[in-house]
Every structure is written in C-alpha cells, then in structure tokens.
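The lines below spell out each chain.
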Amino acid sequence: MSECLKYLPMLTARDGELSPMERAGLEAHLGACHACRARLAEERLLSGLVGEAMQAEASRRDFSGFSDAVLGRIDQRPWLVRSLGRLWPWGQPSPVRAWAGIAVPVLAAVALVVYLGLGSIFSERYQPGEVEVSSEGHDMTVIQTDDGPVVIWGDLEQPEGT
Amino acid sequence: MEADDLTLVSRAKAGDRDAFRALVVRYQRKVYAVALGIVRDRDLAWDVAQDTFVRVYSHLSSFKEESAFASWLFRIATHLSIDVVRKERTASKDDVDEVRESALEDGAEGILSTPLGNDPQDNLLRRELRDRISDALDGLPEKHRTILVLREVEGLSYEDLAERLAINKGTVMSRLFHARKKMQAALRRYAGRRGASNE
Amino acid sequence: MICRIVAAAALAASLFASLPAAAAPPVPVRIRIIKGARDGAASFDSQLADLRKQLERLSYVRWDQTGVENHDMSTGKPIDVKLPDGTPLTVTLVEAATGTVTFELKVPAQKTHSRLTISKDQRIVHQVTEEKGGSAYFVTVHPWP
C-alpha cells in the first residue's frame, strides 16, 4: 500500500520531470501493481481535458474589442499619470511637441532643484557594495564577489558551529 | 513574419502602441483561459485578463528582457486571479497536500469502469467529459483549481509550478494528485449517471 | 496644449523634488532558501546555477534549494519568510535607485540585521541559521530575476 502512495503522485509526470531513480521505481511498481496501472489509464483518459475545456471556452468568446478595452483602460488612468506618459513621444504626431513635452518638465525640474539646493536627493543614498551587518553573538564575514555579497557567520577558516 | 515577444516588448517600451496591442492580441485568449480556470466566472475572468495587461503595461519599464515575457505575463495573471478568489473564500480544512492512505480507498472504481466509460466510442466519452469540466472545476478548492489550470492550460512543468507557487516539487506533485482525484470523482459521478441513462 | 505641458511640467518638477520614492513601481524579487552541508556526497542543485560563483567561495560541498518565493516588493514594506525549521525572517526593499537596489534582512531569533546594496544584476546570499550537524540555511535575494 505504501508503495502505491509513493508512486501515485508520479503517474502524470512528463518526460524529464522525474529523476532516473524515480522513473525506474515507477516503472517497476507499475509492472507489479494492477491497481496503479488502472489509475494510470484513468489519468491518461483525463489528461489535458482541463486545458481543452478552458481553451474551448476562450475560443467561443468574442475578443474583437478586448485590446481596445485594454488600451482604453490604460488611457483612463488618472490624468496626471496619463499626462506624464503623454510627455513622451507615444502617440505624438509632431516631433517638436514631442521634444517639448520632454524638455520642458526636465528643465523645470532642474531649475527647481538648483533653486532649492536639492541636488543631493538625486544622488543615490546607497552605493553598490555598501554593507552594514550586525548580529548579537555572531561574528559576521562579508565576502564580496562579482555576482554579489555573501554574508556568513564566523569566518571562512572557522565557521561558527564547527 | 510575426515579430517575437522581445521585439514587441522593446518597441512597446519605446512607445509603440501597436506593438503593445500585438502582445495583447497574441496572449489574450490564453490569459483569459487561465483566469477563467481559476476564478470560475466569465465576467470576472474578463476583468482579470484586462487588469493583467494594464498592469503589464504599467510595469513594462521594469521588465528585464533576459526573462521570458510570457512567464512574466502569466505570473501576473495567476496572482491577480488568486487575489480575486481569496477575497471571497475562507480556507478549507480539506486543503491538505500530503497523500494519505485514504487516497487509495476513495473512488476505487474509475470512470473507465462506469457504463459510459465502457462505451467503445472513446471520442464521445472524452467530448462529454470535457463538457462537464466546468462543473467539476467549480467544485475544487482554489488551490487545486489553480495548480490544475497552470499545469494544463499554461502547460507548466513541475519545476515551473514550484517556482510560480513558491512550493517544492514534492508538494507540486501531491497537490496535482489531489486536484486530479477530486476532478475524477466529480466526472465519475457524471459518467455513472450518464452511462446509466443511455442503457 | 501648451498650458497642459507647462502645468504638467510644474507638477512633475515638484514631484521629482519631493516624492521620488512614491512613484517607484514594485520590484519583482525572488527569495530562495538554500541549504549548505559539509557532509554527504558533493552535489549542486541545478536550480542554483546562477549562484555558483558566490557559493563556491564557501566550504559546503552540497547545496540544495529548499524553497522559493516570488514577490513584487514595494519600498519600505517588509516581506515575511519562514525557514523550514519555522524560524521567521523579514526582507525589506529599502531603496531601488537608478543602478542599485538596497535590501534589509532581519533574523530576529538571531538578532541579526543586515543592510546590503547591490547592483541590479547581482544577488545577495546571506546565512540565516547557525550551522548544526554540518548544515546551515541561507537566504538569497534576487531583484528582477
């Protein structure tokens, strides 16, 4: 019985989804277990039915207005969000207005920043590689690699717990 | 020749509205099918499908083109669908993932042993069962519906399912097993009644 | 049209000046729980291929992925993660700037608090349990996986 419990969830695995050991075990069990062979036949009968049913439903539905509705909802986003979007060349027929749409807010922002002396807010607060670690009762080691930092307790030579 | 996803995404990011529309048209039916499988209401699924594309558009600038656009799209569709369902449901005590002894005793007779299952016209059987899938899906808890839909509509592998649902492979397999078992039980009840009425 | 552009410009300038973080979209982040072990046959879970260069700096011979979560993280909102032994930890997106991302990781049970800034194409690997029986758990944080 417990053998069946182990292999039942594997009955519907596709090629490559089971390890060689799992696959061999399943094949051996199916060779010996009539009940699981019957269950496998049942699974094969029903395999793919959900996909077929949902895709059949989707095929029956009229999607002729769907993309218009999506783009309409994008356009109905709050005026501010939409206007900031329209300052980019999206949908702008005139290159002059398009560039004006970009240049004017940028210049205004720069003017405001200079006036208010807010330049520091545009520099990143944190720099890559910046690390602050603390742990009560553990010495921490940070190893910087090209792919990112590795933080361990203890050190490489004498990790904690050994 | 149709442009591939990444070409359309690049163009959409640069402001090409038609490129974004092309992406919507390419995936609208499958996104709707996934949403419908999970939320089980056609109007809600329609809204979720639209929400998915609106959200994709809003976050297009953060999409990294090394990833697969379709995976990202369906991940958003899955999460939005689950959110809709979870707003209304309460967790069922029957939502266990492990496979127990009772799994072997429940429904020892399958569909193939019902009168309908013995009908030599296999195609007819399959078509009839497919038509009953909606009812069967309605009876499944959200967790089971979701994994079944992602497996069979989106076609995700065990590994992809584990990543999408943040569960390990063992849980993927046992959850799928439970989902199919419940589906089979519902279809078996139909096959038994249907076959009997044909006699 | 011009009036709208000017009005939008003024509003954009004030927003740029005062609310840079609020306009930031959520950041997709993959959080993985991995286990390193000194004992047993050497093996490397293929799902961790992208971490090889970082993990091979450590002396564990066996690496397995035991859990994975994907989140859309917003600045300042912590995500709770549970390790296989039930130990809770939190991961918070502190800042997502032009070329860098800063995360904060806390393991209350160990009174561990780390803040790390990485480039957008990097990942964090962080030990989160003491080593017991030659094994320890780590968490990896990967923005825009």
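This structure is a prediction, so every number in the text was calculated from the model and none was measured.

### Some words on the overall build of chain A
Then step 1. Counting secondary structure elements, chain A contains seven helices and three strands.
Then step 2. Going from N to C terminus, chain A has its helices and strands arranged as α-α-α-α-α-α-α-β-β-β.
Then step 3. For chain A, buried positions account for 40% of its 162 residues.
Then step 4. Expressed as a percentage of contacts within chain A between residues at least 6 apart in sequence, the contacts between residues at least 24 apart total 16%.
Then step 5. Of the roughly 9,200 Å² of accessible surface on chain A, 58% is carried by carbon and sulfur atoms.

### As for the confidence of the model for chain B
Then step 1. Averaged over all residues, the pLDDT of chain B is 83; the fraction at 70 or higher stands at 77%.
Then step 2. For this predicted complex, the interface score ipTM comes out at 0.83, alongside a pTM of 0.55.

### What about the sheet that holds strand S1 (residues 27–37) of chain C?
Then step 1. Across the sheet, seven strands lie side by side as S2(A)-S3(A)-S8(C)-S9(C)-S1(C)-S3(C)-S2(C); this open sheet has mixed pairing. Two strands close off the open sheet at either side, each with one partner strand: strand S2 (140–145) of chain A together with strand S2 (43–44) of chain C.
Then step 2. Taken together, the two bridges between S2(C) and strand S3 (residues 62–73) of chain C define a ladder with parallel strand orientation. Residue pairing in the sheet places Phe44(C) in a bridge with Trp63(C) of S3(C).

### Let's talk about the packing of helix H1 (residues 5–13) of chain B against helix H2 (residues 17–39) of chain B
Residues and elements named next belong to chain B.
Then step 1. The contact between H1 and H2 brings their axes to 7 Å, and the two run at 140°. Taken as axis vectors, H1 and H2 run oblique relative to one another. From H1, Asp 5, Leu 8, Val 9, Arg 11 and Ala 12 reach across to H2, where they touch Ala 19, Phe 20, Ala 22, Leu 23, Arg 26 and Tyr 27.
Then step 2. A breakdown of the residues in the contact of H1 with H2 according to their chemical character gives eight nonpolar, no polar and three charged.

Definitions and cut-offs
- Residues numbered from 1 in each chain as written.
- Chains lettered and ligands numbered in written order.
- Predicted model: local features only at pLDDT ≥ 70, side-chain atom pairs only at ≥ 80, totals over all residues.
- Heavy atoms only, no water.
- Helix = DSSP H or I, 4+ residues; strand = E, 2+ residues; numbered from the N terminus.
- Buried < 20%, exposed > 50% of the residue type's maximum accessible area, 1.4 Å probe, protein only.
- Contact = heavy atoms within 4.5 Å.
- Areas by Shrake-Rupley, 256 points an atom, 1.4 Å probe, with all protein chains shown as cover.
- pLDDT = per-residue confidence, 0-100.
- Pairing = 2+ DSSP bridges.
- Axes fitted to C-alpha atoms, helices over the stretch in contact; angles between N-to-C directions.
- Parallel < 35°, antiparallel > 145°, perpendicular 65-115°, else oblique.
- Nonpolar A, V, L, I, M, F, W, Y, C, P; charged D, E, K, R; others polar.

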